[in-house]
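Notes for the structure review
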Amino acid sequence: MSPVTYKEWPFVEAQRIISRLARTGKPGVVAETGYGPSGLPHIGTFGEVARTSFVIQALAALAPDVKASIVAFSDDMDGLREVPKNLPNAEMLKEHLGKPLTSIPDPFGEEESFAHYMNKKLREFLDSFGFTYQFASATEKYRSGAFDEGLRKVMEHYDEVSDLFRATIAEEKRAGWSPFFPICENCGRIYSTRVTGYDPKACTITYTCDVDSPGKYAACGHSATTTILGGACKVGWKVDWALRWYCLGVDYEMHGEDLLESSRLSSRIVKVLGGEPPELFKYELFLDENGKKISKKIGNGVSLEQWLRYAPVDSLLHFMYIKPQQAKRMGLPLLPEIIDQYLELVESWDGSEDSPVPFISRLSSKGHAGRLADQKLVTYSLILQLILALNQDDPRIVRDYLLKYQPGISGNVAYYEQLIEDALAYYREVLLPARKSEEAGHEMDKALEAMRDILVGLRDSGAAPDADSLQTMAFQV
Ligand SMILES: [Zn+2]
């Protein structure tokens, strides 16, 4: 009997993991996802955990005896490079720039540190979606000694690691570069120190705190020799990634297209340490409706909050599922179409495991779309049209109308009630304001045409109006 071959990408990924296990002889699988706690978790964080979960689901189907876990790793020993916007106590945070995130007070005053607050938010966020994962903190790993063996390996291969890294940076930066970033024992900063010597036998480094960051902080000038173990020292990001793979035994990790170069370098470094790079999977970043890259600074695309306000979470899971290796467009104007693609897929699902539908329904703890009894498709766009046609802001009227003409939804009425609420919010907050500004645009066009006619008339009549009367005319128009 030939084995069943599935075409969906999580199965293809799971198959890679199975081949890896056959090669390494490891009994279980560790998949890692990354989180930078200098800001709150966002749609990208969601996407990475969701996609990794799809792969682990596929692995469970293909190899039910293999134990697999997802480690959600928080880079909370990284320093804070700039004061994030939208957080309270900006002045206080500014004082702590350059320090590890777990050494900075919580701007909200609730938790032990800045990173503890963000880590708590990450866990709440992942728990709210019902993801299965284990949380890991970089600071805890470093301080507990869990990374010590790996740190010793970095020290043992100081030159090889440094050579690999130096080849990827500008020539003028090469001389002063070290894999180690000691935390200044005097001022507590991590980005203000410079390594001046190291002793591989003693596992210590000597440093001076003299790297100023103009406008942000001044280095304190302290010099010392410190152990590299137990959290006194961190390694730089690309070495850090390799260290994590080595110490946690990571078998599988996804990363964005922006980290492709990092992943290549970290793969080389982990081999120098004596480990094996995980199976990597590169996903593409999102574009907005105009094809521009999504950026938190610009606020384009669709934020996680917006998605959950206007659309069901299973439609978001589907969006994360489909073609992760293609740059996909997402924007508020595209949202109805994106949701409908998902609803159409569910309606046409043949019950096969080799489809996105079962992956999504296993993850969406908050309910999900299902095939309708009468095989009639009720789309988000249809609901929006209904709202527009009925000119109704009352979800009950829209629901009753739908139930009358599409009774098939009665089997999953709670889902459609929520879909109506979502569509109503989209109608009120996205569609109506867009229409109003469009109408305002038309008004402006008319006014400009009127002004042009008056000016043409004045020119043709040979009159020479003064500035005041021109201005009065403009206001009248
Ligand atoms: Zn210092």
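The structure reproduced in this document is the subject of the present report. Note that residues are indexed from 1 along each chain, following the sequence as it is written. Local features in this predicted model are restricted to residues whose pLDDT is 70 or higher, and side-chain atom pairs enter the listing and the counts only when it is 80 or higher, whereas totals over whole chains, interfaces and linings include all residues. Note: side-chain values were computed over all heavy atoms of the structure, leaving out hydrogens and water.

Broken down by element type, the protein carries 18 helices and 10 strands. Projected onto the principal axes, the alpha-carbon positions of the protein cover approximately 90 × 80 × 40 Å. We call a residue buried when its accessible area falls under 20% of the maximum for its residue type, exposed when it is over 50%, and partly exposed in between, using a 1.4 Å probe and counting protein chains only. Taking all 477 residues of the protein together, the buried fraction comes to 46%. For this analysis, residues touch if any pair of their heavy atoms sits within 4.5 Å. Partitioning the intrachain contacts of the protein with sequence separation of at least 6 by distance along the chain shows that 69% fall at a separation of at least 24. For the protein, the accessible surface area stands at approximately 23,400 Å², while carbon and sulfur atoms represent 51% of it. His is not counted, nor are the chain ends, whereas Lys and Arg count as positive and Asp and Glu as negative. Where a charge lies is defined by one atom per residue type: Lys uses NZ, Arg uses CZ, Asp uses CG and Glu uses CD. Charged side chains of the protein number 53 positive and 67 negative; the gap between the two group centres comes to 3 Å. Secondary structure counts use DSSP, requiring at least four H or I residues in a row for a helix and at least two E residues in a row for a strand, with both numbered from the N terminus. Values of accessible area rely on a 1.4 Å probe in the Shrake-Rupley scheme; residue burial ignores everything except the protein chains shown.

Pairing of side chains with opposite charge becomes possible as their charged atoms draw close. Any Lys or Arg side-chain nitrogen found within 4 Å of a carboxyl oxygen on Asp or Glu counts as a salt bridge. Inspection of every chain in the model, using the stated rule, returns 27 salt bridges. A salt bridge links Glu276 to Arg20; the nearest nitrogen and oxygen atoms lie 4.0 Å apart. In this pair, Glu276 sits in the loop between helix H10 (260–273) and strand S10 (279–283) while Arg20 sits in helix H1 (residues 9–24), placing the two residues 256 residues apart along the sequence. The partner of Asp210 in a salt bridge is Arg194, and the shortest N-O contact between them spans 2.8 Å. In this pair, Asp210 sits in the loop between strand S6 (204–209) and strand S7 (223–227) while Arg194 sits in strand S5 (residues 193–199), placing the two residues 16 residues apart along the sequence. Residue Asp210 is classed as partly exposed on the basis of its relative accessible area, which comes to 35%. One salt-bridge network, held together by shared partners, links Glu13, Arg16, Arg20, Arg23, Lys26, Asp251, Glu276 and Glu279.

Think of an α-helix as turning once every 3.6 residues; residues three or four places apart then point the same way. For helix H15 (residues 380–390), the set of buried residues is Tyr380, Ile383, Leu384, Leu386 and Ile387. Buried residues of H15, viewed axially, fall in a sector of 160 degrees; they line one side. In H15, the exposed positions angled more than 90 degrees off the buried face are occupied by Gln385 and Ala389. Count one or two residues on from H15 and you reach Asn391, which has phi positive near 50 degrees. Arc definition: it is the arc formed by the directions from the helix axis to the C-beta atoms.

A pair of strands is considered paired only if DSSP assigns at least 2 bridges between the two. Read across the open sheet, the three strands follow the order S5-S6-S7; overall the sheet is antiparallel. Strands with a single pairing partner mark the edges of an open sheet, and in this sheet they are S5 and S7. Geometrically, the sheet is characterised by an average inter-axis angle of 30 degrees between neighbouring strands, direction not taken into account. Relative to S7, S6 is paired through five bridges, and the arrangement is antiparallel. Lines fitted to the C-alpha atoms define the axes, with helices restricted to the stretch that makes contact. Angles between their N-to-C directions range from 0 to 180 degrees.

Moving on, we come to the packing of H15 against helix H16 (residues 395–405). Running from N to C, H15 and H16 point in directions that differ by 115 degrees, and their axes come no closer than 11 Å. The hand of the H15/H16 crossing is right-handed. Touching Leu382, Ile383, Leu386, Ile387 and Leu390 of H15 are Val398, Tyr401 and Leu402, all from H16. Gly counts as polar in this scheme, as do all residues outside two lists: the nonpolar Ala, Val, Leu, Ile, Met, Phe, Trp, Tyr, Cys and Pro, and the charged Asp, Glu, Lys and Arg. Looking at the contact of H15 with H16 residue by residue, the class counts come to eight nonpolar, no polar and no charged. Crossing handedness follows the turn of the near helix against the far one: under a right angle anticlockwise gives a left-handed crossing, and clockwise gives a right-handed one.

Phi is positive for Lys323, close to 35 degrees, though the residue is something other than glycine. For Lys323, the position within the fold is in the loop between helix H12 (313–321) and helix H13 (335–348). Given the relative accessible area of 53%, Lys323 is considered exposed. Phi at Asn391 is positive, roughly 50 degrees, even though this residue is not glycine. Here Asn391 lies in the loop between H15 and H16. The class for Asn391 is exposed, based on a relative accessible area of 59%.

Aromatic contacts are taken between Phe, Tyr and Trp rings whose centres are within 6.5 Å, Trp giving its six-membered ring; a plane angle under 30 degrees counts as stacked, one over 60 as edge-to-face, and the others as tilted. Applying the stated rule across the entire model yields 26 aromatic pairs. With a centroid separation of 5.3 Å and 15 degrees between ring planes, the pair formed by Trp9 and Phe281 is classed as stacked. With Trp9 in helix H1 and Phe281 in strand S10, this residue pair connects regions lying 272 residues apart in the sequence. Owing to a relative accessible area of 4%, Phe281 belongs among the buried residues under this scheme.

Along the polypeptide, Leu388 turns up in helix H15. On the accessibility criterion, Leu388 (32% relative accessible area) is partly exposed. Between the alpha carbons of Leu388 and Leu431 there is a distance of 10.0 Å; along the sequence they are 43 residues apart.

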